[in-house]
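# Chains, contacts and geometry: an overview
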Amino acid sequence: MADFKVRPRPTGATAVVGRTGFPHVTSATKGEIDIVTAPSQPGFNPLDLLYSSLSACLVLSARIVASQMGVLDKISEITAEVTGEKATEGLSRVAKFNIAFSIKGDIDEETRQKIAHAAEHEICTVSNTIRGNPEFSTTISA
């Protein structure tokens, strides 16, 4: 893959919740989202946000790959649907991510495969992080 330059952007998020109610999350760039927990509530719960982060990163990464391959002008739409399967034993976690890529446009199957593979395994920061074993640094205050 060719090198590409990324302009840094502030990242991070802060969630706040009271004794009752739902978490409210603010991003480092002042984006806001309210979290839901009831199965019938429309909106995002924490797992939805995890799947959303992965799906958004994958489509953006696939677009980067298509551009690097010189085929972006032949693509009309890239979709990555992400779902998961929770572990049935041990710690509460996602044991398997299911990714369904759709790359529409005038390209062949081999090119679609190359774009999806490079996006998932080389470019996407979120998929690379999930596959890795990131360190956690936690502080606690009053």
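Here the structure is a predicted model, which means the values were calculated and not measured. (Residues numbered from 1 in each chain as written. Predicted model: local features only at pLDDT ≥ 70, side-chain atom pairs only at ≥ 80, totals over all residues. Heavy atoms only, no water.)

### What to know about the environment of Thr 111
- As for its placement among the helices and strands, Thr 111 is situated in helix H2 (residues 109-123).
- Separated by 40 residues in the primary sequence, Thr 111 and Val 71 place their C-alpha atoms 8.8 Å from one another.
- Excluding residues that lie within four positions of it along the chain, Thr 111 makes contacts with Met 69 and Val 71. (Helix = DSSP H or I, 4+ residues; strand = E, 2+ residues; numbered from the N terminus. Contact = heavy atoms within 4.5 Å.)

### Concerning the layout of surface pockets
- Reported here for the largest pocket is a volume of approximately 1,400 Å³.
- Thr 11, Ser 53, Cys 57, Thr 125 and Val 126 are the residues nearest the centre of the largest pocket, which is lined by 34 residues in total.
- Those elements that place two or more of their residues in the lining of the largest pocket are strand E2 (24-27), strand E3 (32-34), helix H1 (46-69) and helix H3 (125-131).
- For the lining of the largest pocket, the leading source of residues is H1, giving nine residues.
- If you add up the space inside the second largest pocket, you get close to 180 Å³.
- In terms of lining, the second largest pocket is formed by Pro 46, Leu 47, Leu 50, Arg 93, Val 94, Phe 97 and Ile 130.
- Broken down by secondary-structure element, the contributors of at least two residues to the lining of the second largest pocket are H1 and strand E5 (94-105).
- Ranked by residue count, the leading element in the lining of the second largest pocket is H1, at three residues. (1 Å grid on protein atoms, 1.4 Å probe; cavity = no way out; pocket = protein on both sides within 12 Å on 5 of 7 lines; lining within 4 Å. Points joined across faces, edges and corners; volume = space filled by probe spheres on them.)

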